[in-house]
Amino acid sequence: WRRAGRSRARSEVAGLLMKDLPSPSLLLLLLLATPAAALRAGVIGGGLGGLACCNALRKVGIEAEVFERAPKLSPQAGTGLTLWPNGLSALEAIDPGLSAHVLRAGSTTQHIEVTSADGLTKLPNPTGDPRRFPSTYGHPMANVRWSKLQKVLAARLPEGIIHLDRQLTKVEPAGGGVTAHFERSEGGAESAHFDLLVGADGINSALRQQLVGDGAPRDAGRTIWRSIIPYEERLLQAGSCSMSAGAGKVGFLTHLSEGELYWSAFATDEAIAKSGLVRGDFSSVKEYLVAQFSDVYKLLPVLEMTPEEAILERRVADRVPLVDGSGKVAIPWAGGDGEAGLPVTLLGDAFHAMIPSLGQGANTSFEGAYRLAAALRGATTAEEVVAALRAYEVAQMERAHWIVKQSAEQGRTVYEDRDEFMRRQQMAQDDMWGIAFKPLAA
């Protein structure tokens, strides 16, 4: 309908001006006055990265839409996450004012407590005083419920561009772009053509499997259990985070917002085996966790408060970074022998899933959304689009692959050598959090 409207407008202008302008001048005027049709982008995945990406692409004039496999965006989906200065900087650069909305949905961290697993030994906080973050890095450290952040990001998009119940099944090159095929949960299929396609559909990305085909994620040898419960000050000081680590087990407590507290409990396979506790000997996962983590500081009271059905469990995993043996970025779908490849790319966990030990998963996704839109700004032809995608992939993977590596190493070290964990954390933080982004629309 947009193209039809533009066609009618051009006809009306031509009718008015034909009497006074010679044909070549009229043609030049019409060409200059008529903007090129906007690029159309499909973003696969309505999670945090996908929504931020759609927003960023629209900021640079690309008609981006989101296609999410879930039948609805649940207000209770997910658990809690930490937003570091680099992630907030990227969001603010994408959409000025967005970071303020995000902070209102969560809790700014004012205090961090680090102890041994039993809580008897107070340990140095490797991040330093979090109250210094705004002056040092430009943004605070904050914690927010995943579903609340998803709601904030979705609210920044126009109505009608988030398409639910769309499971990507296949992507095919077509006419300089791609055609994406979707299935609906109640049967039926549909297809859509795009000038470019972005896979932001998580660690088990359907698009990644078509592009890379690397199978299941890389298992990290440990399990995480987590939930959100009503906040009580007796459990944790307001605006605080608490971490207790040692002997193969780690416990986290985080104040998310008024009325909400997030907890998580990690255990290595070795620690679980050493405990002698067998999951099948317990009537419920809650009963098992109470026994398994009763000796980890602050976990017992939050476990006792958590309803059985509210406990989420998953294996900790990441993806091998797309780099060669020398560390050079190697994108499988980028083409070879001078070919530029397809106008498709990946973002967030679909591109560079990482262990949550540094809390950078969502934050690097927001960085990626910014870099992708910045690379595509001004692109109009199919060739320019593909070149921009390849440039984004190199820049983003160069930034993310060392964070994936650091996260994996820190995820192991926190159980084995607390002092080394602290040292590495302090060394990495300026490079991780100190990055700043200029406004995307400038």
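Residues take numbers from 1 onward in each chain, read along the sequence in its written order. Given that this is a predicted model, residues contribute local features only at a pLDDT of at least 70 and side-chain atom pairs are listed and counted only at 80 or more, while totals for whole chains, interfaces and linings are drawn from all residues. Processing note: side-chain calculations cover all non-hydrogen atoms of the structure and skip hydrogens and water entirely.

(A) Representation of the overall build of the chain within the structure. Numbering of helices and strands runs from the N terminus; a helix is a DSSP stretch of H or I covering at least four residues, while a strand is a stretch of E covering at least two. If you tally the helices and strands in the chain, you get 15 helices and 18 strands. Here the term buried applies to any residue with accessible area under 20% of the maximum for its type, exposed to any over 50%, and partly exposed to those in between, with areas from a 1.4 Å probe on protein chains only. Burial analysis of the chain (442 residues in total) assigns 50% to the buried set. For this analysis, residues touch if any pair of their heavy atoms sits within 4.5 Å. The long-range share in the chain, meaning contacts at least 24 apart out of those at least 6 apart in sequence, stands at 72%. Summing over all exposed atoms, the chain offers an accessible surface of approximately 19,900 Å²; the carbon and sulfur share of this is 53%. Only the protein chains shown count as cover for residues, and the accessible areas themselves come from Shrake-Rupley with a 1.4 Å probe.

(B) Representation of the pattern of salt bridges. Put simply, a salt bridge is a Lys or Arg side-chain nitrogen that is within 4 Å of an Asp or Glu carboxyl oxygen. Tallying each qualifying case throughout the model produces 23 salt bridges. As a salt-bridge pair, Lys 249 and Asp 295 come within 3.9 Å of each other at their nearest N and O atoms. One end of the pair, Lys 249, is in strand E15 (residues 249-257); the other, Asp 295, is in the loop between helix H10 (285-292) and helix H11 (299-305), and 46 residues separate them in sequence. Between Arg 315 and Asp 269 there is a salt bridge; the shortest N-O distance is 2.9 Å. Here Arg 315, found in strand E17 (residues 312-318), pairs with Asp 269, found in helix H9 (residues 269-275); they are 46 residues apart in sequence, far enough to count as distant. In this structure, a network of salt bridges that share partners links the residues Asp 165, Arg 166, Arg 184 and Glu 190.

(C) Here's a closer look at the nonpolar core. To define a nonpolar core, start from buried Ala, Val, Leu, Ile, Met, Phe, Trp, Tyr and Cys residues and group those joined through side-chain atoms within 4.5 Å. Counting residues in each nonpolar core, the largest one holds 71 residues, and the members touching the most others are Leu 57, Leu 149, Leu 197, Phe 366, Leu 372 and Leu 376. Within the second largest apolar cluster, 25 residues are counted, among which are Leu 123, Tyr 137, Ile 224 and Ile 403.

(D) Region of interest: helix H5 (residues 98-105). Within H5, the full set of buried residues consists of Leu 98, Ser 99, Val 102 and Ala 105. Looking straight down H5, one finds that the buried residues subtend no more than 120° of arc, so they occupy a single side. As for H5, its buried residues are in contact with helix H3 (48-59), strand E3 (80-83), helix H4 (85-94), strand E7 (142-145), helix H7 (146-155) and E15. What the arc covers is the set of directions going from the helix axis to the C-beta atoms.

(E) Focus on the packing of aromatic side chains. A pair of aromatic rings is counted whenever rings of Phe, Tyr or Trp (Trp by its six-membered ring) have centres within 6.5 Å, and the orientation is called stacked for planes under 30 degrees apart, edge-to-face for over 60 and tilted otherwise. One pass over the full model with this rule turns up 14 aromatic pairs. Geometrically, the ring pair formed by Phe 67 and Phe 182 is stacked, given 4.9 Å between the ring centres and 15° between the ring planes. Linking Phe 67 in strand E2 (residues 63-67) with Phe 182 in strand E10 (residues 177-183), this pair joins segments that are 115 residues apart in sequence. There is no split in this pair, since Phe 67 and Phe 182 are both buried. Judged by centre distance (5.6 Å) and plane angle (70°), the ring pair of Phe 282 and Tyr 288 falls under edge-to-face. Since its relative accessible area comes to 21%, Phe 282 is described here as partly exposed.

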